[in-house]
Amino acid sequence: MSYEILLAFCIATATLAIAPGPDNIFVLVQSMVYGRTQGLAVVVGLMMGCLIHTSLLAFGVSSLIKSNETIYWSIKVFGAIYLLYLAFKVFKSKAVLDLKANPEAQKSNVQLFKKGFWMNVLNPKVTIFFLAFFPGFLFSEELSYIWQFYILGFIFIGVSFTIFGAIAVLAGSISDKLKRWRLAPHFFKWLQIVVFLGLAVFLLLSGK
């Protein structure tokens with residue numbers, strides 16, 4: 001078992017969770033408008049959605065890896081190409097952080113949980129990202145691929161929940177700091193680019 005690979009996975013996950021994207025911006029704005037409890041309800045929903053994607057990945061990709069090593073390498077190449085595409089997409093986008101609140105009618109915590117859950121589960125980009133992200137971090141020759149994908153999934157959920165939860169609890173101060181920091185949009189834009197490029201290279205160089 002390679003603990004170095006698991007540590008690298010934790011760092012990559014944390015960096016991705018910190019860099020503003022649709023999910024954590026939604027949590028931030030929701031928490032600013034309705035409060036930290038409602039923001040946390042969204043976070044829990046999003047994380048439960050990640051569990052569904054982890055299960056699809058574990059049982060789907062594991063069988064492919066077992067049956068054909070060529071398919072496994074094809075998945076890794078596809079993942080690297082997708083990550084490079086994400087880096088290019090961020091590069092071409094404008095460096096803007098949209099933190100404007102767009103309040104909806106007050107929703108219950110259960111409704112917000114469901115919203116977070118379904119916006120994650122029904123987003124095919126999350127499935128594709130998991131497929132691109134996880135295979136390069138298989139860390140053991142003894143454990144089955146299913147167990148490894150689930151361990152990576154729970155680490156991803158745990159790290160993301162911690163950071164997203166902190167965003168929900170500290171929404172006001174985080175928002176104020178981001179609004180005051182003039183270089184924030186450019187910093188986070190290039191942070192995402194570097195992370196996606198680094199993950200693509202790591203994926204191609206990592207062994208089975």
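Nothing here was measured: the structure is a model prediction, and the numbers come from that model. (Residues numbered from 1 in each chain as written. Predicted model: local features only at pLDDT ≥ 70, side-chain atom pairs only at ≥ 80, totals over all residues. Heavy atoms only, no water.)

### Re the confidence of the model for the protein chain
The predicted coordinates ought not to be read in detail in places where the model reports low pLDDT.
Stage number 1. Averaged over all residues, the pLDDT of the protein chain is 84; the fraction at 70 or higher stands at 92%.
Stage number 2. Here helix H8 (residues 171–180) stands out as the least confident element of the protein chain, with mean pLDDT 76; helix H7 (residues 145–169) is the most confident, with 93. (pLDDT = per-residue confidence, 0-100. Helix = DSSP H or I, 4+ residues; strand = E, 2+ residues; numbered from the N terminus.)

### Concerning the packing of aromatic side chains
Stage number 1. Counted by the stated rule, this structure contains 18 aromatic pairs.
Stage number 2. Seen from their ring centres, Phe-130 and Phe-156 are 5.0 Å apart, and the 70 degrees between their planes marks the pair as edge-to-face. Taken together, the positions of Phe-130 in helix H6 (residues 124–133) and Phe-156 in helix H7 put the pair 26 residues apart, joining distant regions of the chain. For the pair shown, Phe-130 and Phe-156 are each scored as buried.
Stage number 3. Every member of this aromatic cluster is reached through a ring pair, and the members are Phe-9, Phe-129, Phe-130, Phe-133, Phe-134, Phe-137, Phe-156 and Phe-202. (Phe/Tyr/Trp six-rings, centres within 6.5 Å; stacked < 30°, edge-to-face > 60°. Buried < 20%, exposed > 50% of the residue type's maximum accessible area, 1.4 Å probe, protein only.)

### Some points on the environment of Ile-193
Stage number 1. Tracing the sequence through the fold places Ile-193 in helix H9 (residues 184–205).
Stage number 2. Among the residues examined, Ile-193 registers a relative accessible area of 6% and is labelled buried.
Stage number 3. Linking Ile-193 and Phe-88, residues 105 residues apart in sequence, is a C-alpha distance of 7.5 Å.
Stage number 4. Ignoring any residue separated from it by four or fewer positions in sequence, one finds Ile-193 in contact with Ala-87, Val-90 and Phe-91. (Contact = heavy atoms within 4.5 Å.)

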